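# A look at the structure
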Amino acid sequence: MKKVFESANEVIQMYLTFLINKVGPVAIFCLISRTFAIYGVEYLVPAAAYVVSAMLTLFALVVTLYPLGIWITTKQNPIKFLKKIAKVGVFGFSTNSSAACLPLNTRTCIDELGCSEEVTSFVLPTGMTINMNGTTVMHMFAVTFIATCAGFDVTPANMAVMAFLSICAAAGTPAIPIAGTTMIFTVLSGMGWTTDLCMIGYALVVAINRPVEMALLPLNVIGDAAVNVIVNAKEKELDVEKYNN
């Protein structure tokens with residue numbers, strides 16, 4: 001009986017794999033084509049503007065904010081930091097999980113950036129848990145997009161409150177895929193923007209937010225490494241020769 005169930009499970013798994021790999025892409029293409037044929041593409045312009053602007057901002061911050069911080073605080077060459085840490089950002093982009101990047105980030109910081117194992121073992125796990133700056137940037141874009149689409153006037157004062165709520169929410173976000181997207185509702189609730197139109201906008205963001213979620217992970221994990229380098233430099237633990245090698 002055990003072998004019968006195991007064989008049946010293998011058949012089911014093979015069938016599901018066939019559906020997902022062969023039929024799934026065609027089915028999704030047909031659904032999207034039908035949606036475009038009925039509603040047109042003009043409804044997707046605001047959503048595309050949100051996705052593109054958020055992703056470009058996140059990538060711009062990766063290549064400007066952290067190298068500038070490294071150069072100002074440690075006086076080390078930021079280009080070497082970017083070259084060595086780039087693989088961690090690519091890995092984070094593909095896995096969409098800060099926790100999955102922790103082993104690679106640790107080895108890169110210790111073996112290539114000259115950070116001490118003692119400091120790294122504290123800074124990186126702590127950063128993985130509470131350093132969600134990429135998630136905060138995404139929250140600001142998403143909540144502004146949802147509120148604007150729902151007809152709310154987003155003022156600078158509102159954005160300051162949104163930033164505070166987003167930082168608090170991001171600090172408690174689990175280091176797993178899609179966790180940041182679900183926390184958007186926390187910020188919306190804190191702002192009192194929970195009307196039906198806001199919930200429709202939130203549902204739209206949940207549906208299209210996967211590329212933005214992938215783009216924010218490099219900002220999170222590279223930020224952990226940058227802070228680790230800065231802390232090591234301040235504690236006189238940074239191996240400058242290994243960093244510049």
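What you see is a predicted model, and the numbers here were worked out from it, not measured in a lab.

## A word on the overall build of the protein
Within the protein one finds twelve helices and zero strands. Taken from the N to the C terminus, the helices and strands of the protein come in the order α-α-α-α-α-α-α-α-α-α-α-α. Each principal axis of the C-alpha atoms in the protein carries an extent, and together these give about 60 × 60 × 30 Å. A burial count over the protein gives 39% of its 245 residues as buried. Put simply, of all contacts in the protein between residues at least 6 apart along the chain, 77% involve residues at least 24 apart.

## Thoughts on the nonpolar core
Residues Y50, F81, I184 and W193 are the most contacted members of the largest nonpolar core, which totals 50 residues. When contributions to this core are tallied by element, the ones reaching two or more residues are α2 (44-74), α3 (78-95), α4 (98-111), α6 (133-149), α7 (156-171), α9 (184-191), α10 (196-208) and α11 (210-234). Broken down by element, this core gets its largest block of residues, eleven residues, from α11. Excluding residues within four positions of it along the chain, Y50 makes contact with M138, F141, A142, F145, V205, I208, N209 and V212.

## Describing the side chain of N232
Mapping N232 onto the fold places it in helix α11. In this structure N232 comes out as buried when scored by relative accessible area, which is 0%. Only 2.7 Å separates the side chain of N232 from the backbone oxygen of N228, close enough to count as a polar contact. Other than its neighbours up to four places away in sequence, N232 contacts C115, S116, V119, T120, E237 and L238.

## Description of the packing of aromatic side chains
One pass over the full model with this rule turns up four aromatic pairs. Judged by centre distance (5.2 Å) and plane angle (20°), the rings of Y50 and F145 are stacked. A residue pair is termed long-range when its members are at least 10 positions apart, and Y50 in helix α2 and F145 in helix α6 qualify at 95 residues. Comparing Y50 with F145 shows no difference in burial state: the two are buried. When the ring of F59 is compared with that of F93, the centres are 6.2 Å apart and the planes differ by 40°; the resulting orientation is tilted.

## Topic: helix α1 (residues 2-39)
The end-to-end C-alpha distance of α1, which contains 38 residues, comes to 51 Å, matching closely the 56 Å that a straight helix rising 1.5 Å per residue would cover. Along α1, the helix axis deviates most sharply at V23, where the bend reaches about 50°; the proline P25 sits within four residues downstream. G40, located one to two residues past α1, shows a positive phi value of around 85°.

## Remarks on unusual backbone geometry
One non-glycine residue, K75, lies in positive phi territory at about 65°. Mapped onto the fold, K75 is located in the loop between α2 and α3. One non-glycine residue with positive phi stands out, namely K236, at about 60°.

## Topic: the environment of K83
Of note, K83 is situated in helix α3. Distance from K83 to I184, taken between C-alpha atoms, is 32 Å for residues 101 residues apart in sequence.

## Describing a nonpolar patch on the surface
Together, I28, I32, F36, V41 and L44 give the surface a local cluster of nonpolar side chains, amounting to about 430 Å² of exposed area. Structurally, I28 can be placed in helix α1.

## Focus on the pattern of salt bridges
The full count for this structure, using the stated rule, is two salt bridges. Where K87 meets E112, a salt bridge forms, and the shortest distance between an N and an O atom there is 2.9 Å. Of the two residues, K87 is situated in helix α3 and E112 in the loop between α4 and α5 (117-130); the sequence distance between them amounts to 25 residues. Overall, the relative accessible area of 27% leaves E112 in the partly exposed class.

## What to know about the state of the cysteines
According to the stated counting rule, one finds zero disulfides in the structure shown. In this model C149 remains outside any disulfide bridge; the closest cysteine sulfur is found in C198, 9.5 Å from its own.

## Some remarks on α4
The end-to-end C-alpha distance of α4, which contains 14 residues, comes to 20 Å, matching closely the 20 Å that a straight helix rising 1.5 Å per residue would cover. At L104, α4 shows its maximal bend, which comes to roughly 30°. Among all positions in α4, only S98, C101, N105, T106, T108, C109 and I110 are buried. Summarising the contacts, the buried residues of α4 are in contact with α3, α5, α11 and α12 (240-244).

Analysis parameters
- Residues numbered from 1 in each chain as written.
- Predicted model: local features only at pLDDT ≥ 70, side-chain atom pairs only at ≥ 80, totals over all residues.
- Heavy atoms only, no water.
- Helix = DSSP H or I, 4+ residues; strand = E, 2+ residues; numbered from the N terminus.
- Buried < 20%, exposed > 50% of the residue type's maximum accessible area, 1.4 Å probe, protein only.
- Contact = heavy atoms within 4.5 Å.
- Core = buried A, V, L, I, M, F, W, Y, C linked by side-chain atoms within 4.5 Å.
- Polar contact = N/O pair within 3.5 Å; in protein donor to acceptor, adjacent residues only side chain to side chain.
- Phe/Tyr/Trp six-rings, centres within 6.5 Å; stacked < 30°, edge-to-face > 60°.
- Expected span 1.5 Å × (residues − 1).
- Bend = angle between axes of the 7 residues up to and from the residue.
- Patch = residues over 30% accessible without salt bridge, like charges linked within 9 Å, V, L, I, M, F, W, Y side chains within 5 Å.
- Areas by Shrake-Rupley, 256 points an atom, 1.4 Å probe, with all protein chains shown as cover.
- Salt bridge = Lys/Arg side-chain N within 4 Å of Asp/Glu carboxyl O.
- Disulfide = S-S within 2.5 Å.

Geometric values such as these leave the question of function open.
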